[in-house]
Every structure is written in structure tokens, then in C-alpha cells.
Amino acid sequence: MALSFVGVPHWLCPTPTAAKLQQFHKPSTSTSTLTPFFPSFSYPFVVFVRAPRAIGPDGKFYPSPADDDPPEADEDSSHGFSTFQQIQRQAQRARQIEEEDYKNNQSTYLAAIADVEDAPDNAPFDSSEDDLFGEIDKALALKRKEFVSQGLLQPNPPKQDQLPVAAVDELQPDELGDLEEIERLQGLTGDGNGSSTDSPFEFDFDSYGKSKVRIVEGKFKMTLAELLDESKVVPVSVSGDLEIEITGIQHDSRIVSSGDLFVCCVGRKTDGHLFLSEADKRGAVAVVASKEIDIEDTLGCKALVIVEDTNAVLPALAASFFKQPSTKMAVIAITGTYGKTTTTCLIKSLYEAMGLRTGMLNSVASYVHGDNKMDLGNMVPDSVLVQNLMAKMIHNGTEAVVMEAGGHGLGDGKYDEVDFDIAVFTNLSKEEEGDRDAQAKLFSRMVDPERHRKVVNIDDPNASFFVSQGSQEVPVVTFAMENKEADVHPLKFELSLFETQVLVNTPTGILEISSGLLGKHNIYNILAAVAVGIAVGAPLEDIVRGIEEVDAVPGRCELIDEEQAFGVIVDYASTPDALSRLLDSVRELGPRRVITVIGCCGEGDRGKRPVMTKIATDKSEVTMLTSDNPKNEDPLDILDDMLAGVGWTMQDYLKYGENDYYPPLPNGHRLFLHDIRRVAVRAAVAMGEEGDMIVVAGKGHETYQVEGDKKEFFDDREECREALQYVDELHQAGIDTSEFPWRLPESH
């Protein structure tokens with residue numbers, strides 16, 4: 001992609017023209033005494049004039065007056081304009097700008113108030129809102145009345161009394177929905193004169209003004225016969241009305257809505273065929289099943305399609321229903337064990353630096369493009385949701401999407417109908433070697449040398465296996481830290497508690513990157529993103545700018561910086577291997593001490609609890625054990641299991657606590673615990689001294705704590721920030737926070 005270089009701004013030219021100067025209206029907020037280049041309608045122009053000469057017009061000499069006898073100021077010091085006149089000119093200019101903006105965006109303003117109630121002619125305007133919103137409603141109604149008088153809008157019919165309940169009951173729920181949709185579309189396409197217009201803009205007025213970002217929801221519908229034809233699904237048998245209109249597709253009966261096609265998938269623990277009645281009650285109009293079922297007794301199901309395997313046909317049905325969205329944009333997928341989430345964030349930023357609207361799907365967040373985040377709640381993207389989200393991206397102008405493609409999703413067929421363009425392999429841990437074949441499915445689809453690209457970490461011993469998948473004619477871009485034969489590798493790097501600097505060699509030049517992502521493992525993620533940029537021919541400047549834009553990835557070795565003298569990071573590491581890798585990476589940063597907070601979830605793998613403690617105490621000078629979603633298990637029982645990692649029991653720990661002194665472990669490291677996570681986090685942060693690194697592991701980006709049946713808000717990052725606000729106060733009060741419990745000064 002060619003670079004577009006910006007020319008020299010006209011306000012830096014020696015002789016700016018008045019026409020160009022009028023483009024700037026932002027008042028200067030600088031306290032400097034220098035005259036700003038930017039004129040403003042809030043400040044008069046500063047005019048420089050030549051100092052008066054000492055020789056008067058009569059040829060006589062007139063000396064300058066003495067300092068102690070200053071001349072009186074001229075009566076008119078505003079260049080011929082009084083203060084009142086200046087205010088008038090400013091107001092006139094502001095009105096002119098407002099009128100120009102209205103002319104340029106007239107269709108937008110008219111559409112925005114098309115459905116506003118007309119102001120009454122003689123009666124006072126009635127608003128049920130409070131005074132502020134009532135005045136806003138009144139102003140909008142009066143403005144609409146003005147547009148009606150100008151012929152720009154048609155008057156709305158007078159407000160009618162609500163229909164009797166009996167009349168409403170005559171309409172079915174789906175008919176009411178259709179009526180509301182028709183009225184909404186009429187408001188969107190009307191030009192005020194009853195004629196429809198083909199506008200390039202679509203508005204979702206339900207969400208307009210409620211948030212900074214407006215994400216437009218697409219509408220999809222087709223008949224069941226069309227869906228079967230386009231998806232190329234061959235049914236075993238079909239019964240009912242194939243011309244029934246489908247407005248959605250679901251395999252989870254809990255989220256079925258009116259007009260949906262319900263696909264009875266068979267899971268590891270549940271069978272969708274058992275939930276047909278629930279789907280029917282929620283409005284399903286057709287069913288795809290792999291078993292013979294009776295739809296005669298259902299309320300709204302009009303058609304039944306029997307297939308051999310519902311799980312196998314679901315991705316094809318979803319992709320066809322949403323019009324194959326992945327074929328309309330570039331799709332970059334990252335597979336592997338570690339680094340997928342961070343790498344997706346880096347590549348998204350890189351693509352946006354190239355000027356492309358780029359969406360993202362990963363385990364932390366999903367974005368349509370830019371900062372337009374999609375709230376998925378607790379939903380995990382499945383084959384239907386992935387197609388739905390991609391369709392939403394296309395509907396909102398997204399040009400590329402970066403996504404995680406883990407082994408489980410690839411193995412389950414979740415991405416079978418996603419048209420990938422670039423496949424990226426990060427690494428493969430021993431624990432996930434069983435997922436290698438599933439992950440290889442991504443690379444096996446790289447078959448088009450013109451369009452597809454493979455990006456592989458050749459430091460990993462499985463690299464050659466992934467490269468061998470798919471067509472051997474597809475270009476491969478390799479990256480590595482150790483193997484200097486890689487296309488992308490570091491020439492030099494520096495790690496610290498607050499920053500990572502790396503000099504990267506690429507086939508097209510050397511890049512100097514400074515990143516807020518900490519640790520050696522993040523250098524691998526940076527190299528993967530650079531390799532993708534090289535694979536697509538991105539300008540080197542865009543690669544550097546895009547990567548440096550990512551200061552942190554939520555919950556992935558995320559630095560909490562409140563300008564303290566020691567480092568604090570929050571990470572998602574919740575398995576022995578992940579914790580070990582994290583602490584090794586932190587040690588490479590060169591901290592004076594590592595202070596680690598960890599916990600283990602309740603009702604989970606008890607065998608890993610002592611292992612987690614062993615790893616933490618071996619690789620940290622101070623370890624603080626605590627709870628992490630104990631659920632219905634006693635937090636003290638979980639901590640007792642964890643203490644076994646150092647040969648202690650809870651009784652041993654409590655016995656030491658009787659004297660408020662917990663002895664060092666055989667390796668000289670210290671171990672403390674508290675079952676309340678908030679206390680543990682704050683105690684660990686308070687222990688921090690200059691050069692230390694505090695590691696809070698386990699939750700990462702998650703923002704909840706589950707205790708019993710209660711799920712309450714809890715964010716490790718916010719707890720760390722809160723704790724950092726009080727560290728100085730504790731030390732100034734003379735409280736010794738190097739031990740736990742804290743020790744008060746002797747004066748107390």
C-alpha cells in the first residue's frame with residue numbers, strides 16, 4: 001500500500017492567506033505570550049503596527065513621554081469595533097458555521113427528528129419527562145414544526161389514544177413486530193414528502209445518542225427452502241412448509257426468538273432434541289433435527305428437516321443465512337497455545353494503522369472495528385455467533401477481522417465455514433500437543449498462492465508440521481527469536497520493568513520498536529505481528545506505529561502504572577505451565593524481588609493446587625496465597641490443598657500466626673496467605689519497594705468473584721490501582737508493610 005504523505009500545513013507557510021486562516025476556529029489554550037497562528041472567533045486578530053516616529057508631520061521633534069508619565073490609552077483600542085460589536089460578530093460567525101453545518105448534513109438532521117411529535121399550535125407542549133428533558137423535547141418539537149412549515153417534513157398525525165386491549169389482542173406477536181419494523185423503516189427512508197430515497201446511511205434510532213458508538217444491526221431473512229439450497233445441505237427427509245420465512249438461526253433454546261430456525265445439536269452433556277418445546281414456546285418456526293420428532297403438537301413450528309448430523313450442518317446453515325460474511329473481508333486467524341490474544345490485538349492495531357477498518361474476535365473482547373466494542377455478555381462465540389458477528393462487521397463497513405482460532409474451536413468445526421486468508425502459528429505447549437491436528441486444519445486451508453499466507457514461529461519444534469499443511473506454493477513468512485534464519489527476528493532487545501525495546505530485522509528493512517508490552521514472550525507476539533505486516537506488504541512505518549499503539553492487553557501481563565517506583569502486573573495465568581512461564585518472563589525483566597499473588601478455583605482440579613504453590617514459591621521471593629472463585633467450596637480448604645506444595649498444612653500456618661511471624665521457607669523465600677482476595681492483593685502491593693515486581697495472577701481481564709451462588713464484581717486491576725493510592729500513606733504513618741499482618745509503629 002502506498003504511503004500518503006501530508007504536505008506542509010499552510011499555517012506554517014510565511015504568508016498564509018485569509019481564506020485558509022478562516023478554517024481554524026479552535027481558541028488557543030496555551031499560556032504562552034507568543035501570538036498564536038490559529039485565529040479564533042473568540043479572540044480578535046492580533047495586528048502588529050510600526051512604532052510611532054519621533055518626528056511629527058510639522059517637522060518638529062516630539063520626544064517619547066517619560067515612563068512615569070504614561071500616555072492615556074486611546075478611547076478606541078479595538079480597531080474600530082466596540083465590545084458589543086465584537087460579540088455580535090462572534091455570534092454571527094457562530095450562526096454562519098451552524099448554518100453551514102446544517103446545509104451539509106440536512107438529511108441527517110431531518111431523519112433524526114422525523115418521528116418527533118409535532119408541537120401543538122395553541123396548546124402548551126406536554127412532556128412527561130423532568131424539566132431538563134421536557135425542555136429538550138419541546139425544542140425538538142418546535143424545530144420540527146419549523147421544518148414542516150418550510151415543507152421539508154410532513155406533519156405527523158396527531159397522537160391517538162391507545163387502542164382497546166381487545167383490538168391489540170387481534171394482532172399476533174410476530175405481526176406486531178412486523179408493524180413496528182415497517183414504521184421504523186418508513187421513518188428511515190422517508191424524505192418528508194412521502195417518497196422514498198436511497199440513502200447511503202442507515203440509522204438505528206433505538207440506540208442513537210445512548211453511546212459514543214453506533215453499531216448498526218443488520219436484518220436477515222430467507223425462506224427455509226432458500227436456506228437449504230444455498231447451504232447445500234442435503235436432508236434425509238423434509239416435512240411441512242418449506243416456504244416458511246426464517247429470520248434467525250439458533251441451536252440454544254434459551255436464546256431462540258420469534259421467527260428462528262432451531263437446530264437440535266447434540267453436545268457432550270446435552271441433547272438439543274430435548275429442548276424443542278422450549279424453543280417452540282420462544283417462537284421457533286422450523287426445526288432441523290437428526291432424530292424423528294413430532295411437530296404436530298408444537299405451537300408455531302411449521303417445518304421439520306431431518307439430517308444425518310445436525311452439528312455438521314450448523315456451520316453451513318449459519319454461514320449461508322448470514323450471506324457468507326467472511327468472504328467479503330480479509331480474515332487473519334491465530335492458532336497456538338500462548339500469545340493468541342495479544343497477537344490479535346497487535347495485528348488489529350497494525351491493520352488500522354494501514355487505514356483499514358479492522359474487527360477483532362478473541363477471548364478478551366470483540367470489536368466491530370476501531371473502539372466499537374460488542375458486548376457479548378457471557379456468550380462464547382460458536383459457529384452461529386461467529387457468522388453473526390462477522391455479518392455485523394460487514395454491515396458496519398469492516399474491511400478485515402483478526403481472530404483467535406484455538407484447537408478446540410477448529411476441532412469442533414466452529415470455523416468450518418470461515419474463509420481464512422492468513423494463518424498464524426505462535427507455539428504449542430506439551431499440554432496441548434493433542435490439539436495439533438485440529439490446529440493444523442487452519443493451515444490445511446491455505447491453498448491459494450495469490451491470496452493465502454502462512455506465518456509460523458520456527459523456534460517451535462512443530463513449525464515444519466504446520467508449514468507442510470495446505471499448498472506448498474503458498475508464501476510463508478517465518479519469525480523467531482533464537483533462529484536467525486527466520487524472515488523476522490530481533491537483532492537486539494532490552495527488557496525492563498516498564499518498557500520493552502526491540503530492533504527487528506525484516507526482509508524489507510530494520511524496525512525499531514518501543515512497546516509497553518513487557519517480557520520476552522511479548523517479543524514473540526510483536527514478531528508475529530511484524531511477520532503478518534511483512535506478509536501483506538504493509539509499509540514499515542505503519543507496522544511500527546500500529547504495534548506501538550498497543551500499550552497493554554487486558555489481563556495479559558498488563559502493567560498497572562500509577563507512577564510508582566516498582567512494577568505491578570495483572571495476568572490471566574491460572575495453570576501451572578502458564579504461571580511458570582509468566583514468572584520466568586518476569587524474572588528476565590531484572591526485578592529486585594518478585595512478589596506473587598495466586599489462588600486456585602473451587603470445584604476444579606485439586607491436583608494442580610500444590611503444584612501452583614510450589615512454582616510460585618520457587619520463583620518468587622514472596623508469595624501470597626488467596627482465593628479465586630471458590631464457588632461452593634470452602635476457601636480455607638482450597639488454601640489447605642495449596643499449602644501442601646511447601647509441606648505445610650493450614651494448622652501449621654495458623655500455629656505460626658499465633659506469634660505473628662511466619663518463618664522463611666527452606667529456600668529463604670516467604671509465604672503468606674489470606675482468604676479474602678482484596679486483602680491479599682492490597683497487602684502484596686503494599687510490600688512493593690523500588691525495583692520490585694508485583695504479579696497478581698489468575699483472573700486477568702475477568703471482573704468477577706464467585707463465592708457460593710453469588711457472583712460479585714471484582715477486578716484485580718482496579719484493586720491494584722486502589723492499593724497504590726494508599727501505599728505512601730501507610731509508609732508515612734510508620735506502618736511496616738514488609739511483613740503480613742502489617743506491623744504498627746512502636747508508638748502505638
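What UniProt states about the protein under its Sequence similarities (unreviewed entry) heading is, verbatim, "Belongs to the MurCDEF family. MurE subfamily." In UniProt, the protein has this text filed under Subunit (unreviewed entry): "Component of the plastid-encoded plastid RNA polymerase (PEP) complex."

Take the packing of aromatic side chains next. Overall, the coordinates contain 12 aromatic pairs when judged by the stated rule. Here the aromatic rings of Phe321 and Phe322 are separated by 5.0 Å at their centres, their planes lie at 85 degrees, and the arrangement is edge-to-face. Take Phe321: its relative accessible area is 1%, and that puts it in the buried class. Taking relative accessible area as the criterion, Phe322 reaches 7% and is therefore assigned buried.

Moving on: the sheet that holds strand E13 (residues 422–425). Ordered by their spatial adjacency, eight strands build an open sheet running E11-E10-E9-E12-E8-E13-E14-E15, and the pairing between neighbours is mixed. Edge positions in the sheet fall to strand E11 (373–374) and strand E15 (476–479), since each has one partner strand and no second. Packed onto the sheet, helix H11 (residues 383–395) meets strand E8 (330–335), strand E9 (358–361), strand E10 (366–367), E11 and strand E12 (400–404) and runs at close to 165 degrees relative to E9.

Moving on, we come to empty space enclosed by the protein. All chains considered together, the criterion is met by two cavities of 30 Å³ or more. Size it by volume and the largest cavity reaches roughly 50 Å³. Broken down by secondary-structure element, the contributors of at least two residues to the lining of the largest cavity are strand E21 (594–600) and helix H18 (608–619). A per-element tally of the lining of the largest cavity places E21 first, with three residues.

Turning our attention to the pairing of strand E22 (residues 622–627). Counting buried residues in E22 gives six out of six residues, a clear majority hidden from the surface. Residue alternation in E22 divides its side chains into two sets, Val622, Met624 and Thr626 and Thr623, Leu625 and Ser627, and both sets are buried. Following the chain from E21 across H18 to the adjacent parallel E22, one finds a crossover that is right-handed. Where E22 lies against strand E23 (residues 670–673), four bridges are found, and the strand directions are parallel. By the bridge assignment, Leu625 is partnered in E23 with Leu673.

Attention now moves to the pattern of salt bridges. All told, the structure shown has 31 salt bridges when counted by the stated rule. In this structure, the salt-bridge partner of Lys392 is Glu217, at a minimum N-O distance of 3.1 Å. Taken as a pair, Lys392 in helix H11 and Glu217 in the loop between helix H6 (173–189) and strand E1 (222–223) lie far apart in primary sequence, 175 residues in all. Taking the relative accessible area as the measure of exposure, Lys392 reaches 16% and is therefore buried. Between Asp271 and Lys291 there is a salt bridge, with the nearest N and O atoms lying 2.6 Å from each other. On the criterion of sequence distance, the pair formed by Asp271 in the loop between strand E5 (260–263) and helix H8 (276–281) and Lys291 in the loop between strand E6 (286–289) and strand E7 (303–306) is long-range, its members being 20 residues apart. You can call Lys291 partly exposed: its relative accessible area is 41%. A single network of salt bridges, built from pairs that share partners, joins Arg592, Arg593, Glu689 and Asp692.

What counts, and at which threshold
- Residues numbered from 1 in each chain as written.
- Predicted model: local features only at pLDDT ≥ 70, side-chain atom pairs only at ≥ 80, totals over all residues.
- Heavy atoms only, no water.
- UniProt positions renumbered as here; feature names shortened; annotations may be inferred.
- Phe/Tyr/Trp six-rings, centres within 6.5 Å; stacked < 30°, edge-to-face > 60°.
- Buried < 20%, exposed > 50% of the residue type's maximum accessible area, 1.4 Å probe, protein only.
- Pairing = 2+ DSSP bridges.
- Helix = DSSP H or I, 4+ residues; strand = E, 2+ residues; numbered from the N terminus.
- Contact = heavy atoms within 4.5 Å.
- Axes fitted to C-alpha atoms, helices over the stretch in contact; angles between N-to-C directions.
- 1 Å grid on protein atoms, 1.4 Å probe; cavity = no way out; pocket = protein on both sides within 12 Å on 5 of 7 lines; lining within 4 Å.
- Points joined across faces, edges and corners; volume = space filled by probe spheres on them.
- Right-handed = clockwise from strand over helix to strand, strands pointing away.
- Salt bridge = Lys/Arg side-chain N within 4 Å of Asp/Glu carboxyl O.

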